[in-house]
Amino acid sequence: MIKKTVANVEQALDGVSDGMTFMLGGFGLCGIPENAIGQLVKLGVKDITCISNNAGVDDFGLGLLLQQHQIKKMISSYVGENDEFERQMLSGELEVELTPQGTLAEKCRAAQAGFPAFYTPAGYGTEVAEGKETREFDGKMYVLEPAYKADYAFVKAWKGDEAGNLIFKGTARNFNPCMCGAAKITVAEVEELVPAGSLDPNTIHIPGIFVQRIFQGEHYEKRIEQRTVRNRD
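Since we're looking at a predicted model, the values are computed, not measured.

Student: Help me out: how do you make sense of the nonpolar core in this one?
Tutor: In summary, soluble globular proteins display a tendency toward joint burial of nonpolar side chains. Residues Phe22, Leu40 and Phe154 are the most contacted members of the largest nonpolar core, which totals 32 residues. Of all the secondary structure elements, the ones that give two or more residues to this core are helix H1 (9-12), strand S1 (21-24), helix H2 (34-43), strand S2 (48-51), helix H3 (63-67), strand S3 (71-76), strand S8 (152-161) and strand S10 (185-194). Here Leu40 is in contact with Leu13, Val16, Phe22, Leu24, Val45, Leu65, Gln70 and Phe154, once residues within four sequence places are set aside. Judged by nonpolar contacts, the second largest core, of 27 residues, contains Ile75, Cys178, Val211 and Ile214.

Student: Sorry, what's going on with unusual backbone geometry here?
Tutor: Leave glycine aside and you will find that most residues have negative phi; peptide bonds, for their part, are mostly trans. Positive phi, close to 50°, is recorded for Asp138, a residue that is not glycine. On the secondary structure map, Asp138 appears in the loop between strand S6 (134-137) and strand S7 (140-146). For Asp138, a relative accessible area of 85% translates into the label exposed.

Student: Can you help me understand empty space enclosed by the protein in this one?
Tutor: To find the voids left in a structure, one rolls a probe of water-molecule size over its atoms. The tally for this structure, following the rule as stated, stands at one cavity of 30 Å³ or more. In this structure, the largest cavity spans a volume of roughly 60 Å³. Looking at the lining of the largest cavity residue by residue, the class counts come to five nonpolar, seven polar and no charged.

Student: Quick question: what am I supposed to make of the sheet that holds S6 here?
Tutor: Backbone-to-backbone hydrogen bonds pair the strands of a sheet. The strands run either parallel or antiparallel. Read from one edge to the other, the open sheet built from three strands follows the order S5-S7-S6, with strand pairing classed as antiparallel. Edge strands, defined here as strands with exactly one partner in the open sheet, are strand S5 (117-120) and S6. Across this sheet, the average inter-strand angle for adjacent strands is 35°, counted without regard to direction. In this structure, S5 lies alongside S7, joined through four bridges in antiparallel fashion. When the bridges of S7 are listed, Ala117 appears paired with Pro146. Helix H5 (residues 101-113) contacts S5 and S7 of the sheet and is inclined by roughly 150° relative to S5.

What counts, and at which threshold
- Residues numbered from 1 in each chain as written.
- Predicted model: local features only at pLDDT ≥ 70, side-chain atom pairs only at ≥ 80, totals over all residues.
- Heavy atoms only, no water.
- Core = buried A, V, L, I, M, F, W, Y, C linked by side-chain atoms within 4.5 Å.
- Buried < 20%, exposed > 50% of the residue type's maximum accessible area, 1.4 Å probe, protein only.
- Helix = DSSP H or I, 4+ residues; strand = E, 2+ residues; numbered from the N terminus.
- Contact = heavy atoms within 4.5 Å.
- 1 Å grid on protein atoms, 1.4 Å probe; cavity = no way out; pocket = protein on both sides within 12 Å on 5 of 7 lines; lining within 4 Å.
- Points joined across faces, edges and corners; volume = space filled by probe spheres on them.
- Nonpolar A, V, L, I, M, F, W, Y, C, P; charged D, E, K, R; others polar.
- Pairing = 2+ DSSP bridges.
- Axes fitted to C-alpha atoms, helices over the stretch in contact; angles between N-to-C directions.

What follows is the structure, encoded as structure tokens:
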């Protein structure tokens, strides 16, 4: 059995450098690779391109990289709750490529499956389709979207084993699964790392073939973007 376990986040991010393209899982602040993001901040890598559904908030998640102006280009589906993201986008400091959410997920999945491109009706007739090939199928127009190309994919899972098999929990099973194997190197951080063979094969969401490095994460905050509770009398 091939062991893909590394001792810590420092080893997991070995080889990361300026100008690279990274995929980062999560939706909002749910299921984001907190340890990997923290290490990217610590390493001070710059001029990076980040592919992620959104960019966290001002002081957490990808917002930490934005604060340090480490991100050159952001590829996401919406700005979200990040004021600094909005400010940098409107001022021209940050290059932004907004993509329909489903298309963003499928561009990751296409890369994972080895498909160079695919046709989708999403975005036809809008700015999203400008400069892209379009084609008609059965009377409906489609846009040709290329798969993403990334150097590293950083994902967060609930549980994983030494062979890289992953299980996601609840809503954290968002963009994480489709980013596994979609980059040259996939790094998974998990809340619980167990020996190979410990996981029920029927519960595994992503097989280890899609993961190159896995490590035990720590100190997860798991913040909530907008906490809403009922009023108490």
